[in-house]
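# Chain and residue survey
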Amino acid sequence: MNDYNITVVATNNPKILKFEANHFLAKNNHEFKNIDDAKNSPLAQQLFYLPFVKTVYISSNFIALERFDIVEWDDVKDEVAQQLVDYLNAGEPILTEEETQKKEAVTVYAEVTPNPAVMKFVSNKKIVPTAYEFKNIDDAKDSQLAKELFHFPFVKEVFFDENYVSVSKYEVADWNEITMELREFIRNFLMDGKEVVSKEAIQESKKVAEESLSPTKYDDTSQQIIDILEEYVKPAVASDGGNILFQSYEENSKTVNVILQGACSGCPSSTFTLKNGIETMLKNMMGDKVNEVVALNG
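A brief structural summary. Each chain has its residues counted from 1, following the order in which its sequence is written. This being a predicted model, a pLDDT of at least 70 is required before a residue's local features are given, and a value of 80 or more before pairs of side-chain atoms are given or counted; all residues contribute to the totals for chains, interfaces and linings. Heavy atoms throughout the structure, all of them, feed into the side-chain values; hydrogens and water do not.

### Re the sheet that holds strand S8 (residues 132-134)
Two strands in a sheet stick together by hydrogen bonds in their backbones, pointing the same way (parallel) or opposite ways (antiparallel). Two strands pair if DSSP finds at least two bridges between them. Strands here mean DSSP runs of E at least two residues long; helices mean DSSP runs of H or I at least four residues long; both are numbered from the N terminus. The strand order across the open sheet formed by 5 strands is S6-S7-S10-S9-S8, and the pairing between neighbours is antiparallel. The open sheet has two edge strands, strand S6 (108-112) and S8, and neither has a second partner. The mean inter-strand angle of the sheet, taken between neighbouring strand axes irrespective of direction, is 20°. One ladder, built from 5 bridges, connects strand S7 (residues 118-123) with strand S10 (residues 164-169); its direction is antiparallel. Note on S10: the bridge partner recorded for Lys120 is Ser166. We call two residues in contact when some of their heavy atoms are within 4.5 Å. Convention adopted: a line fitted to C-alpha atoms gives each axis, helices being fitted over their contacting stretch, and angles between N-to-C directions are expressed from 0 to 180 degrees. Relative to S7, helix H4 (residues 175-191) is tilted by about 30°, and along the sheet it contacts S6, S7, strand S9 (155-161) and S10.

As structure tokens, this is what we get:
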């Protein structure tokens, strides 16, 4: 029998604390919101008897707990750690067979982008119908995957497109140290069949897309610019883990305003791409109608 030890590790969320074990605990990532939700995890059910436990996360080598505000972690963390040690060393079950059954086969591979702060994680299945960008955890209210990614202290921004996730990191972390962890986390999330973006958010995106395609929304020049961006620019930008959105066309100055997302946002080479790629293309294809292309967010 394994001799379990528990190490308490703080997270960037003061309400969530990680209890890392020195042995493997579970094959996939599991999240339980209440004791009924935890019917397939005897360990999670046991933890919900603690009145301050709000959410239980069980992963490969750790258990993370989200607390209610009735206590501070400093007052109870040692007691919780000891309870986990006693439970695990007694050989009690962590997950039942039903919970650990075979998941959907999903592959995810990591791909570098022109932006050194962004890594692209590509799936073999479609994960969202259109692009979504999340600048912080508050933006991620409609995406469980984005919300959970922001629990990693080094995750700065998250961007989804059809079959990939682009993650922007803070400088404090090195991709060599975190890429495997993120790749496995995303893969396990998709294997569990969890909802990447809520159905409500998807419906809202469809509504916005339909409105944007309205022939009365843009003048002829703006529509021509949009068509060029959609056909020639977006596929190339998407391959680098980013996206470009048309914002407006200023007829007086002949300026095209765009918004860069994902790996393109804040990328050191984005200015070069914008000026020597997109701007040149629009000038060549539209003549004197375009004088300059400006990224409103970079």
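Once the structure has been displayed, the description carries forward.
### Some remarks on the environment of Ile202
With respect to the element layout, Ile202 can be found in helix H5 (residues 199-212). In this structure, the C-alpha to C-alpha distance between Ile202 and Pro129, residues 73 residues apart in sequence, is 7.5 Å. Once residues within four sequence positions are removed from consideration, Ile202 is found in contact with Pro129, Tyr132 and Val197.

### Regarding the pattern of salt bridges
Here, a salt bridge means any side-chain nitrogen of Lys or Arg that lies within 4 Å of a carboxyl oxygen of Asp or Glu. All chains considered together, the criterion is met by 15 salt bridges. The salt bridge involving Glu20 is made with Lys18; its shortest N-O contact spans 3.6 Å. Buried means the residue's accessible area, taken with a 1.4 Å probe over protein chains only, is under 20% of the maximum for its type, while exposed means over 50%, and partly exposed covers the values in between. Among the residues examined, Glu20 registers a relative accessible area of 27% and is labelled partly exposed. Lys120 is paired through a salt bridge with Glu111; the nearest N and O atoms lie 3.5 Å apart. Taking the relative accessible area as the measure of exposure, Glu111 reaches 24% and is therefore partly exposed. The network of salt bridges with common partners includes Lys15, Arg67, Asp69 and Glu72.

### Considerations on the nonpolar core
Counting residues in hydrophobic clusters, the biggest one holds 32 residues, and the most contacted among them are Leu149, Val158, Phe160, Val165, Leu182 and Val196. When contributions to this core are tallied by element, the ones reaching two or more residues are S7, S8, helix H3 (144-149), S9, S10 and H4. When residues of this core are assigned to their parent elements, the largest contribution, 8 residues, is made by H4. Apart from residues lying up to four places away in sequence, Leu182 is in contact with Phe121, Leu149, Phe152, Phe154, Val155, Val167 and Trp175. Counting 31 residues, the second largest nonpolar core, distinct from the first, contains Leu17, Leu43, Leu50 and Val85. Buried Ala, Val, Leu, Ile, Met, Phe, Trp, Tyr and Cys residues form a nonpolar core when they are joined through side-chain atoms within 4.5 Å.

### Some details on helix H2 (residues 73-89)
Expected span of a helix: the number of residues minus one, times 1.5 Å. Given a rise of 1.5 Å per residue, 17 residues ought to cover 24 Å, and the 23 Å separating the end C-alpha atoms of H2 matches this to within 8%. Here the buried face of H2 lies against strand S1 (6-10), strand S2 (16-21), helix H1 (42-47) and strand S5 (62-67). Within two residues after H2, Gly91 carries a phi angle of roughly 75°, on the positive side.

### Describing the side chain of Asn188
Locating Asn188 in the fold gives a position in helix H4. If we skip the residues at most four places from it in the chain, Asn188 touches Lys27, Asn28 and Asn29.

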